[in-house]
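Results of the structural survey
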Amino acid sequence: MPALMPGVQQLCLSACDTDPDRHGIVTPGAGLVEPNHYLCVMIDHLFRHLPQWRLTATIGKTVVSSALINRVAKRLGCKIYEVPAGFKWFAEGLGDASLGFAGEESAGASFLRRDGTVWTIDKDGMIAGLLAAEITARTGRDPGVFYQRMIGALGEPIAERVEAPANAAQKAAFGALTRQQIDCRSLAGERVDSIVDSAPGNNAPIGGIKVSTANGWFTARSSGTEDIYKIYAESFRDSAHLAAILAEAQQIVDRAAAPHAQTE
C-alpha cells in the first residue's frame, strides 16, 4: 500500500461484513459513504488510472444502482452493462474479463486485476476497502472528497426506496408487469425517455418496470423474499422532485397492476 503523501493526514476507514463480500467506507468529511456514491468513486478512479483495460472493459451496474454511474461512464467514454438486481448477473463478464468493474447498490462490488485479468466472479468487500485506502494514500484526498467533486461536475443524485404490502397474487402481477402496460408520457414534470421491463445489458426480465427521464427514474419490482413490493427512485434535481417521482410511481404501478391482481 502506498505511503501517504508528505503532509497528508487524511484517515479513511473501511470494514466488511462477516462474509466479507460487502464494504463500508467511512471518511472524515462524509462519514459513512453511501454504497452508490462509493461505486461512482471507485469506477472513476479505476478507469482513469488503469490504462491496461480502461478502453476495452465495460462497467457493470444493476437497474437500481445510481444513474450517476451512467454519467461517470459517459464522461470516461466507457460502455455500461446494466442488469437486473443481483450480483450473479455479473459473473460471466467478470470471468471473461469483459467487465472491468461490477457493482450493485447494496455495497457489493468487484473489479479486474491491474493487468486486466480476472480476479473473482463474486463480490469482494476487501478489495473495495483497500481501494479506498489506495485512493487516499495516492492522492491525499479521501473518497468522500472525490464524490463531492464529482457531483459538482455531473449533478447530485438523491434517492429513496419505499415498500408497500403485497399478497402473492399482487406480487405475481408486479413481477409480470410489461412496458406496454405502463401508460405515462411524463414523470414529475419531465418527458419519459424510456420504459423497460428487461435490463438493457442482457435483456433479462427485471421482475417489474423501470421508467426514466433526463433527471430522474423509478424502478418498481416485487420482493423475492418478503410480501412486499419495492419502488426505488432517484432525482438529480431536489427532494421535491424525488417526492413527486415516488408519488407518481406508486400511482402508475398500482394502476397498471390492479386489473391483473386478485385479492387473497
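For the structure, see preceding data.
Structure report, in brief. It should be emphasised that the depicted structure is a prediction, and the values quoted were computed from it without experimental measurement. (Residues numbered from 1 in each chain as written. Predicted model: local features only at pLDDT ≥ 70, side-chain atom pairs only at ≥ 80, totals over all residues. Heavy atoms only, no water.)

**Comments concerning the side chain of S198**
On the secondary structure map, S198 appears in strand β11 (residues 194-198). Engagement of the side chain of S198 in a polar contact is seen with the side chain of N203, the distance being 3.1 Å. Residues in contact with S198, not counting those within four places in the same chain, are N203, A204, P205 and I206. (Helix = DSSP H or I, 4+ residues; strand = E, 2+ residues; numbered from the N terminus. Polar contact = N/O pair within 3.5 Å; in protein donor to acceptor, adjacent residues only side chain to side chain. Contact = heavy atoms within 4.5 Å.)

**Observations concerning helix α1 (residues 35-49)**
With 15 residues, α1 should reach 21 Å at 1.5 Å per residue; the first-to-last C-alpha distance of 21 Å fits that figure. Counting buried residues along α1, twelve of its 15 residues qualify, which places the element largely inside the surrounding structure. For α1, the set of buried residues is N36, H37, Y38, L39, C40, V41, M42, I43, D44, H45, L46 and F47. (Expected span 1.5 Å × (residues − 1). Buried < 20%, exposed > 50% of the residue type's maximum accessible area, 1.4 Å probe, protein only.)

**Section: the nonpolar core**
Judged by nonpolar contacts, the single largest core of 34 residues is most densely connected at Y38, M42, F47, L68 and F101. Of all the elements in the fold, those that place two or more residues in this core are α1, α2 (68-76), β7 (108-111), α4 (125-139) and α5 (143-154). A total of eight residues in this core trace back to one element, the largest contributor, which is α1. With 26 residues, the next largest nonpolar core counts A164, I209, I231 and A257 among its residues. (Core = buried A, V, L, I, M, F, W, Y, C linked by side-chain atoms within 4.5 Å.)

**Points about the pairing of strand β5 (residues 80-83)**
By the bridge criterion, four bridges tie strand β4 (residues 58-62) to β5 in an arrangement that is parallel. The partner of K61 across the bridge, within β5, is E82. (Pairing = 2+ DSSP bridges.)

**Points about the side chain of S110**
Tracing the chain through its elements places S110 in strand β7. In this structure S110 comes out as buried when scored by relative accessible area, which is 0%. Within the local environment of S110, its side chain forms a polar contact with the backbone oxygen of D122, the two atoms lying 3.5 Å apart. Beyond its immediate chain neighbours, meaning those up to four positions away, S110 contacts F87, L94, F101, A102, W119, T120, D122, D124 and I127.

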